[in-house]
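Remarks on the overall topology
One-letter residues, chain by chain:
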Amino acid sequence: FCLGAFGAIPGIILQCCVKDRGIPDHDLSASDQTNNPVKLVFGRSHRRALFSCMLVTSFLIGTFYLNFVWLPIFMKTLLKPSIPNAFAINSSTIFFYLLLGPLIGMLSDYCGERKIMLIGMIGTMVSGPVMVYVITIANGVGACFAQACLVVTISFGTFPLFAMTAKTFPPMVRLTGVAFGYNVASAMLAGTVPALATYLVDKYSPHTPGYIFAALSIIGIIGLCVAPKLHEEASEFDESVDSISGVGDEEAMRGNLQ
């Protein structure tokens, strides 16, 4: 948790390199100027994006807690015989997960966030039950391989998620919409998914929690299907390039880009 402080580093870089210009008044309608973002995000025009955000974020929250929080405890405590070095395996797969971030980010920039997320969700839906079953019958090496395979598919479905959900909202409600969707999914699933997995192990068999991966993937795919058109404003791109490059004349920058 202390290492989370390093998350301030990219924030400082963005704060120094990119000027936050806000939303110009002439880009807002009269009703937008009189309402706060919390009221706006629940408006009819944004409900679809909000619903989509909650669904796709449920995939992130559910699979993360199931794979990185519950699974090592399952391998160490609930599974008989237990997997040796379960927490070391989990730590190594988390490190592998982080290494995949830049690569999948580049792929999503090239191919589009939705395509990459769909590949990851379908992969998790198929591989989740299989890999959990492999863990129940494998030794430490087999368990490490199975969890690493889960990490690959989950990373495809989760790393492009915040870029995708942010683009489904217009700028005036973007942070509010994403924050609400993320926190609702966290409140509903962060504790429920591990508890359900433990119940399935006790009630049925050790491999049954793998079907939770499939269920979460289906929820995420539905979220992708109902997501509205992405908001990718050209003006925002121009302003970001202008701020990072240090060029003060916006018209000159646009001319160079053309």
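Right above here is the structure, for reference.
Notes on the structure follow.

For the protein, the count of helices and strands is 13 helices and zero strands. The helix and strand sequence of the protein, counted from the amino end, reads α-α-α-α-α-α-α-α-α-α-α-α-α. Sequence-distant contacts, at least 24 apart, represent 81% of the contacts inside the protein between residues at least 6 apart. Carbon together with sulfur atoms contributes 68% to the accessible area of the protein, which is approximately 14100 Å² in total.

The biggest cluster of nonpolar side chains holds 44 residues, and the ones touching the most others in it are Phe 74 and Ile 135. For this core, the elements supplying multiple residues, two or more each, are α4 (47-78), α5 (86-111), α6 (113-137), α7 (140-158), α8 (161-167), α9 (174-189), α10 (192-203) and α11 (210-226). For this core, the element with the highest residue contribution is α4, accounting for 10 residues. With residues up to four places along the chain from it excluded, the contact list for Ile 135 reads Leu 71, Phe 74, Met 75, Leu 79, Ile 83, Ala 143, Ala 146 and Gln 147. If you look at the next biggest cluster of nonpolar residues, it comprises nine residues, including Ala 49, Ala 166, Phe 169 and Val 178.

On to the layout of surface pockets, then. Size it by volume and the second largest pocket reaches roughly 750 Å³. Gly 4, Phe 64, Ile 94, Tyr 97 and Leu 98 are, among the 18 residues lining the second largest pocket, the residues nearest its centre. Counting residues per element, the lining of the second largest pocket draws most heavily on α4, which supplies six residues. Looking at side-chain class alone, the lining of the second largest pocket contains 15 nonpolar, three polar and no charged residues.

Counted under the stated rule, the structure contains one salt bridge. Its salt-bridge partner being Glu 113, residue Lys 167 comes within 2.8 Å of it at the nearest N-O pair. You can see Lys 167 sitting in helix α8 and its partner Glu 113 sitting in helix α6, a full 54 residues away along the chain.

Attention shifts here to the packing of α4 against α10. Where α4 meets α10, the axes come as close as 9 Å, and the angle between the chain directions of the two elements is 40°. Classified by the angle their axes make, α4 and α10 are oblique. Regarding α4 and α10, the two cross each other, and that crossing is right-handed. For the pair formed by α4 and α10, the contact residues are Gly 62, Tyr 65, Leu 66, Trp 70, Phe 74 and Leu 78 on the first element and Val 193, Pro 194, Ala 197, Thr 198 and Val 201 on the second. Grouping the constituent residues of the contact of α4 with α10 by class yields nine nonpolar, two polar and no charged.

Our focus in this paragraph is the side chain of Thr 57. Positionally, Thr 57 belongs in helix α4. Given a relative accessible area of 1%, Thr 57 falls into the buried group. The residues contacting Thr 57, other than those within four sequence positions of it, are Leu 161, Gly 181, Tyr 182 and Ala 185.

With that settled, consider the packing of α4 against α5. The interhelical angle for the contact between α4 and α5, taken along N-to-C directions, is 155°, at an axis separation of 9 Å. It follows from the interaxial angle that α4 and α5 lie roughly antiparallel. In this structure, the crossing between α4 and α5 has a hand that is right-handed. Contacts from Asn 67, Phe 68, Pro 72, Ile 73, Met 75 and Lys 76 of α4 reach α5 at Ala 86, Phe 87, Asn 90, Thr 93, Ile 94 and Tyr 97. Residues belonging to the contact of α4 with α5 are distributed by class as follows: eight nonpolar, three polar and one charged.

Within the secondary structure layout, Arg 174 lies in helix α9. For Arg 174, the side chain forms a polar contact with the main-chain oxygen of Ala 166, separated by 2.7 Å.

Conventions and cut-offs
Residues numbered from 1 in each chain as written. Predicted model: local features only at pLDDT ≥ 70, side-chain atom pairs only at ≥ 80, totals over all residues. Heavy atoms only, no water. Helix = DSSP H or I, 4+ residues; strand = E, 2+ residues; numbered from the N terminus. Contact = heavy atoms within 4.5 Å. Areas by Shrake-Rupley, 256 points an atom, 1.4 Å probe, with all protein chains shown as cover. Core = buried A, V, L, I, M, F, W, Y, C linked by side-chain atoms within 4.5 Å. Buried < 20%, exposed > 50% of the residue type's maximum accessible area, 1.4 Å probe, protein only. 1 Å grid on protein atoms, 1.4 Å probe; cavity = no way out; pocket = protein on both sides within 12 Å on 5 of 7 lines; lining within 4 Å. Points joined across faces, edges and corners; volume = space filled by probe spheres on them. Nonpolar A, V, L, I, M, F, W, Y, C, P; charged D, E, K, R; others polar. Salt bridge = Lys/Arg side-chain N within 4 Å of Asp/Glu carboxyl O. Axes fitted to C-alpha atoms, helices over the stretch in contact; angles between N-to-C directions. Parallel < 35°, antiparallel > 145°, perpendicular 65-115°, else oblique. Left-handed = near helix turned anticlockwise from the far one by under 90°. Polar contact = N/O pair within 3.5 Å; in protein donor to acceptor, adjacent residues only side chain to side chain.

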